[in-house]
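# Architecture at a glance
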Amino acid sequence: RPRRVTDARPMDAILADMRRAQGIVEGDDGDGRDGDDGDGAVEASSRVASPAEEAAVYKSMQALCAAFATVTQTQLGAKWYAHFESWLYSRRASSSSSSSSSSSSCSALDAFPRDAMYDAALARKLEASGASAAEAKFACAQIGKACARAMSKARGALETTRGTNHVRVRTFDVGDGGGGGARKVELACGKVKVEVNATHYAKLRAMYARTGGSKHVRDEEAFERAVFCVLARYASLQGTHYKAGNMQASIPPAVFDALFEHFDVSHEMFASPLNARCDTFCSASDVTDRAFGSKGSAFDFLPSEGSFEANPPFDEGVIAALGAHLERVLSASKAPLSFCVIIPRWTDSQAWLRIAKSVYCTSNTTLEAKEHAFVSGGAGSRIDQLTASAAATSVLFLQNKAGAKTWPPTPDAIEAIRRGFALPPKNHDDADEVEDTRWDPDAPISSPSTRRRAAGQSSFVYGTKQKNRTSDVQRETAPPKKQHTKTSGKFSASFFRDE
């Protein structure tokens, strides 16, 4: 029997030789992912975000978004896009758990879930809306096949987009000069366009310069490419619909002020360059966010001391993984450790119970529905940023003994957090006049359309100047219009900015 020959070289060197023999550039394994050497930070550091790749994935995600709407809009109604975003996060979390990987996204293709053929939560929603169990299962399968097609199309596009990374930038104003306007920045790569508020654009500029060790951006074109990649990546993660973003909502600035004052919080475990308040943070996409100061995935973050804030996406799989991760971190250190965890109050969920009943839980506070607010996940491109929470929220502190002694969750500290979450007072003066003239800053920019909020309407609706302006009496007596649902599967570009 022949003797087995062993190679005494380190495994990294052997793998590097294999990659060179196959003609693969170091740091790229052929599908946009980096080689895994056991260190998430080192792995992602060899990757550079590409605007062309992000744009290609964005376009394919739009196709998946349209397919999801075609299959589910009749059952799920006007806010189907929120269910699509939840489906994306749920399926990605399931894919990560099945592959024993919780690292942040490295490839633009990671926006697509790998395990997409069936989602129990979506099936329950469809059945609750009148679909049979078989119809719900068939709908889930259709969406899974559409996901596979979109991912395959994006993968093919990535092979032909190298070198087309030029980003065009323009600034424009939204509003009619009545005090409700805003200044925005549009960045485009090819036919893909993304927007961000000018204030957030300035914030990204400061973060980019600070990460580069300077007070000023030295390479303007590199900065513009980095901003486009961040905006396109998070838009793809959220499903590309302009009203999406619930899974990236953040706590209000006043809550951060309370955490800074009473708990010395120095790091956010779930943030993005658009909503980060601390100088250091973890995020969902290390490759695009590293240029702005991201430390990688929250699940690769292993502190031995300090006080931190964790507001994960409201997905049961992510919350369950967070609970297990925090318990491991707390059990490994005797130095002061504290985590403020903000999650939905799902009392029948095993994920919520694991955190709320943990031996490290020192405080559990409930914020009732519609009595507190979050900052919208799409705040980077919106004016109306605070959104009332439709469900109860739990604010929990997980601390070891030294952490509870150093940063005790006293009644005064908890009350400060409650005040920070409180809804802002409403100004009822001239409310009708404001509603009649205010622009929706998220509406598409086109010359004939004004997209104003009509009197008596609770949300923005499309309209054109001096067209069909009926009186309140006519509006009340008019028969309801029949709703038509588009089922052809083909959607115009304005679809992604429609109700």
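Conventions and cut-offs
Residues numbered from 1 in each chain as written. Predicted model: local features only at pLDDT ≥ 70, side-chain atom pairs only at ≥ 80, totals over all residues. Heavy atoms only, no water. Bend = angle between axes of the 7 residues up to and from the residue. Helix = DSSP H or I, 4+ residues; strand = E, 2+ residues; numbered from the N terminus. Axes fitted to C-alpha atoms, helices over the stretch in contact; angles between N-to-C directions. Parallel < 35°, antiparallel > 145°, perpendicular 65-115°, else oblique. Left-handed = near helix turned anticlockwise from the far one by under 90°. Contact = heavy atoms within 4.5 Å. Nonpolar A, V, L, I, M, F, W, Y, C, P; charged D, E, K, R; others polar. pLDDT = per-residue confidence, 0-100. Buried < 20%, exposed > 50% of the residue type's maximum accessible area, 1.4 Å probe, protein only. Pairing = 2+ DSSP bridges. Salt bridge = Lys/Arg side-chain N within 4 Å of Asp/Glu carboxyl O.

## Things to note about helix H3 (residues 51-76)
- The largest bend in H3 is about 45 degrees, located at Thr-70.
- One or two positions beyond H3, positive phi appears at Gly-77, with a value near 85 degrees.

## Focus on the packing of helix H9 (residues 253-263) against helix H14 (residues 411-421)
- At a closest axis distance of 7 Å, the pairing of H9 and H14 adopts a crossing angle of 165 degrees. Our classification of the angle between H9 and H14 gives roughly antiparallel. For the element pair H9 and H14, the recorded crossing hand is right-handed. On H14, the residues that touch Ala-254, Val-255, Ala-258, Leu-259, His-262 and Phe-263 of H9 are Asp-412, Ala-413, Ala-416, Ile-417, Gly-420 and Phe-421.
- Within the contact of H9 with H14, the residues separate by chemical class into nine nonpolar, two polar and one charged.

## Some details on the confidence of the model for the protein chain
- Taken residue by residue, the protein chain gives an average pLDDT of 78. The fraction at 70 or more is 70%.
- This stretch, residues 1-7, has a pLDDT under 50; its non-local contacts, to residues over four places away or in other chains, come to one contact.

## A look at the pairing of strand S3 (residues 192-197)
- For S3, a buried count of five out of six residues is recorded, marking the element as mostly surrounded by other parts of the structure.
- Pairing between strand S2 (residues 182-189) and S3: six bridges, direction antiparallel. The residue of S3 that forms the bridge with Ala-188 is Lys-193.
- A loop of two residues connects S2 with S3, the two strands running antiparallel in sequence, and Gly-190 in this loop sits at a positive phi of about 65 degrees.

## With respect to the sheet that holds S3
- What the three strands build is an open sheet, ordered S1-S2-S3; its pairing is antiparallel. Looking at strand neighbours, the two that pair on one side only are strand S1 (168-174) and S3, the edges of this open sheet. Each strand of the sheet is rotated relative to its neighbour by a mean of 25 degrees, with strand direction disregarded.
- Lying over the sheet, helix H7 (residues 198-211) contacts S1, S2 and S3, oriented at roughly 90 degrees with respect to S3.

## Things to note about the pattern of salt bridges
- Here the structure, examined in full by the defined rule, presents ten salt bridges.
- Residue Arg-91 is joined to Asp-119 by a salt bridge in which the shortest nitrogen-to-oxygen separation is 2.9 Å. Highlighted residues: Arg-91 in helix H4 (residues 80-98) and Asp-119 in the loop between H4 and helix H5 (120-128), separated in sequence by 28 residues.
- Residue class for Arg-91 comes out buried when judged on its relative accessible area of 9%.
- Put simply, Arg-277 and Asp-257 hold a salt bridge, and the shortest N to O gap is 3.5 Å. Of this pair, Arg-277 sits in the loop between strand S4 (267-271) and strand S5 (280-283) while Asp-257 is found in helix H9, placing the two residues 20 residues apart along the sequence.
- Overlapping salt bridges bring together Arg-91, Asp-115 and Asp-119 as one network.

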